[in-house]
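Topology and contacts: notes
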Amino acid sequence: MLPSTITINIIALITFLLLTIAYGQERKINSTINPGCNECSLNSTLVYIKATGQSDIIHQIWDFTRGIPTMILAVAGLNSSVNISWDGVRPNDFVLSEKPQYSFATAIDKLYEYNDLEDSGHIDGKCSHHEQSLRRVSWYLNESVLTDKETMVRMHGSLHGVKGKDIIDVKLDLLPYTDYAVQLPHLIHTANSTLVDLSLVNLTTSRDFNSSRFALHFVLVSTDSRDDTMHNVMRKSLDDEHTPGIFEIIEIKTPASFVGDDGGFLQFRPVCYTQRNRGVASSSITHVSDFNRTSIPQRSTLEAFYRRFDASKLLVQDMLVSFGEPSDGFYKQHNYTDWSYTFGYGAPPVESFSLFVIMIISVGLAVPVLLAMSGVVLVVVRKYRQRNAPTRLTEED
């Protein structure tokens, strides 16, 4: 009975510790929409987040005011602040009270439609393609949560203003602790990272393309040497518990993140989905191109933010993220693509076994031990009884 009680107490202790780690607040977050803007409406959205930790503050900016979805983070001291100046409904200057220790940013400035005649799934130099600038996207704030427990916005973007067509939906979500995303592929997001869910809905395909697929053009900026390069790291996860059948994780790391834990990163599984209800049956493949050197888009929020930085210490590269796999019927088969990634600072989170799996393993290990101990006790008791059995007296005695 005693070993069983000990086992139950150990499992309870593990459960308590894991829940404490999973849900313990790691940063204090404070967020506002369009701070200092007197003319902004739901059609002009910039979210500023101040995430305060024990030794630093991560200032995050999510911007949709110029059509181009832009995410910027800057890490600075505990007394740092950011002041945003506006030109009408667009930010035109960002002033940090102190020089940031590090900064990383991404912008999705273009949508590529490519004709995948070879049905490979990914875009390459052989594919004919059309580019659409996302400056023309009209964004509307559908939903927002601004509390000390979560910062979330759900943005609805329309490419051409036609209801129900050419839609780009984006959800950004920041929590002050570490947790798994609710939806597949259940990415980990931490107090240092933001979860991004992006949907391409009912996009119009070109008449001269019979095999249309779509790709997103990313501009990546970091305060690393401009002569350095970003790194595409593919690693294997422990198991596929959270994403059935997908064992790989892709991490786009800045040079500082590649050599240490104080840089920026994007993290995602190489999977996308072709239906709103994400599942294994509706999954497809996400591809990443090589990096190319480029420049910060002109008249962009990136340009407004980084104009005060030393250009020689800014690394600016781009990449394409494309979606699809052979024989999937191309984009027109479902007219829908869902994809998720995280944008963050520091060491990218590493998967661990879930609480449920740990409890199953604990019970699985405990049961054989208990059975073995019970067998040993039973043998010892039997031998003891045999040695000390009372002697029967006979009539002669």
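Each remark here, short or long, concerns the structure printed above.
Structural notes, computed from the coordinates. Given the structure is predicted, the values throughout are model-derived calculations rather than measurements.

So, how was this worked out
Residues numbered from 1 in each chain as written. Predicted model: local features only at pLDDT ≥ 70, side-chain atom pairs only at ≥ 80, totals over all residues. Heavy atoms only, no water. Helix = DSSP H or I, 4+ residues; strand = E, 2+ residues; numbered from the N terminus. Contact = heavy atoms within 4.5 Å. Areas by Shrake-Rupley, 256 points an atom, 1.4 Å probe, with all protein chains shown as cover. Buried < 20%, exposed > 50% of the residue type's maximum accessible area, 1.4 Å probe, protein only. Pairing = 2+ DSSP bridges. Core = buried A, V, L, I, M, F, W, Y, C linked by side-chain atoms within 4.5 Å. Phe/Tyr/Trp six-rings, centres within 6.5 Å; stacked < 30°, edge-to-face > 60°. Disulfide = S-S within 2.5 Å. 1 Å grid on protein atoms, 1.4 Å probe; cavity = no way out; pocket = protein on both sides within 12 Å on 5 of 7 lines; lining within 4 Å. Points joined across faces, edges and corners; volume = space filled by probe spheres on them. Nonpolar A, V, L, I, M, F, W, Y, C, P; charged D, E, K, R; others polar. Salt bridge = Lys/Arg side-chain N within 4 Å of Asp/Glu carboxyl O.

Regarding the overall build of the chain
Secondary structure assignment for the chain yields 4 helices and 23 strands. Considering only residue pairs separated by 6 or more positions, the chain has 66% of its internal contacts joining residues 24 or more positions apart. Accessible surface, the chain as shown: approximately 20,000 Å² in total, 54% of it carbon and sulfur.

A word on the pairing of strand E17 (residues 248-253)
The buried fraction of E17 is high, at 5 of 6 residues. Here 6 bridges tie strand E16 (residues 231-236) to E17, and the two strands are oriented antiparallel to one another. Across the sheet, residue valine 233 finds its bridge partner in E17, namely glutamate 251.

Remarks on the nonpolar core
The tendency in soluble globular proteins is for nonpolar side chains to be buried side by side. Residues Leu200, Leu216, Phe218, Leu266, Trp339 and Tyr341 are the most contacted members of the largest nonpolar core, which totals 50 residues. In this view, tyrosine 341 contacts Met71, Ile108, Leu187, Thr194, Leu195, Val196, Phe218, Leu266, Gln267 and Phe268; residues no more than four positions away in its chain are not counted. Membership of the second largest hydrophobic core comes to 24 residues, among which are Cys37, Tyr48, Phe94 and Ala304.

Things to note about the packing of aromatic side chains
Think of a pair of aromatic rings as described by two things: how far the centres are apart, and how the planes are tilted against each other in angle. Scanning the model with the defined rule gives 13 aromatic pairs in all. When the centroid spacing of 5.3 Å and the interplanar angle of 20° are considered together, the rings of phenylalanine 104 and phenylalanine 343 count as stacked. Taken as a pair, phenylalanine 104 in strand E7 (residues 102-115) and phenylalanine 343 in strand E23 (residues 336-345) lie far apart in primary sequence, 239 residues in all. For the pair phenylalanine 104 and phenylalanine 343, a shared accessibility class is recorded, and that class is buried. An aromatic cluster is built from Phe218, Phe268, Phe323, Trp339 and Tyr341, whose rings are joined through pairwise contacts.

Comments concerning the state of the cysteines
Under the definition given, this model contains 1 disulfide. Shown here is the disulfide that connects cysteine 37 with cysteine 40, its sulfur atoms set 2.0 Å apart. Handedness here is read from the sign of the S-S torsion; for cysteine 37 and cysteine 40, about 90°, the answer is right-handed. Each member of the pair, cysteine 37 as well as cysteine 40, carries the same accessibility label: buried.

Examining empty space enclosed by the protein
In this structure the tally under the stated criterion is 2 cavities of 30 Å³ or more. Empty space within the largest cavity amounts to approximately 70 Å³. For the largest cavity, the lining is made up of 13 residues, of which Pro69, Met71, Ile108, Val196 and Tyr341 are closest to its centre. Contributing elements (two or more residues each) for the lining of the largest cavity: strand E4 (70-76), E7, strand E11 (167-174) and strand E14 (193-201). Counting residues per element, the lining of the largest cavity draws most heavily on E7, which supplies 3 residues. Class assignment of the residues belonging to the lining of the largest cavity gives a composition of 11 nonpolar, 2 polar and no charged. One number sums up the size of the second largest cavity: a volume of about 60 Å³. Leu187, Ile188, Ile249, Arg269 and Glu351 are the residues nearest the centre of the second largest cavity, which is lined by 11 residues in total. Of the residues belonging to the lining of the second largest cavity, the class tally is 6 nonpolar, 3 polar and 2 charged.

Side note on the layout of surface pockets
Here the largest pocket is characterised by a volume of approximately 470 Å³. If you trace the largest pocket, you find 29 residues lining it, with Arg154, Lys171, Gln183, Asp197 and Arg278 closest to the centre. Elements supplying a minimum of two residues to the lining of the largest pocket: strand E10 (151-158), E11, strand E12 (179-180), E14 and E23. Across the lining of the largest pocket, the residue classes tally to 12 nonpolar, 7 polar and 10 charged.

Quick word on unusual backbone geometry
Of note, the amide linkage connecting leucine 184 to proline 185 takes the cis form, showing an omega dihedral of 5°. Relative to the elements of secondary structure, proline 185 occurs in the loop between E12 and strand E13 (188-189). A positive phi angle, close to 55°, is found at arginine 299, a residue other than glycine. Within the secondary structure layout, arginine 299 lies in the loop between strand E21 (292-293) and helix H3 (301-306). For arginine 299, a relative accessible area of 58% puts it in the exposed group.

Description of the pattern of salt bridges
Close approach of charged atoms allows side chains with opposite charge to pair. The full count for this structure, using the stated rule, is 14 salt bridges. One salt bridge in this structure joins glutamate 143 and arginine 154, with 3.0 Å as the shortest N-O distance. Placement of the pair is glutamate 143 in strand E9 (residues 138-146) and arginine 154 in strand E10, with a sequence separation of 11 residues. Residue lysine 253 pairs with glutamate 251 through a salt bridge whose shortest N-O separation is 3.7 Å. Residue lysine 253 shares its accessibility class with glutamate 251, and that shared class is buried.

So, the environment of aspartate 208
With respect to the helices and strands, aspartate 208 occurs in the loop between E14 and strand E15 (212-222). Here the alpha-carbon distance between aspartate 208 and asparagine 115, two residues 93 residues apart in the chain, equals 8.9 Å. With residues up to four places along the chain from it excluded, the contact list for aspartate 208 reads Asn115 and His130.

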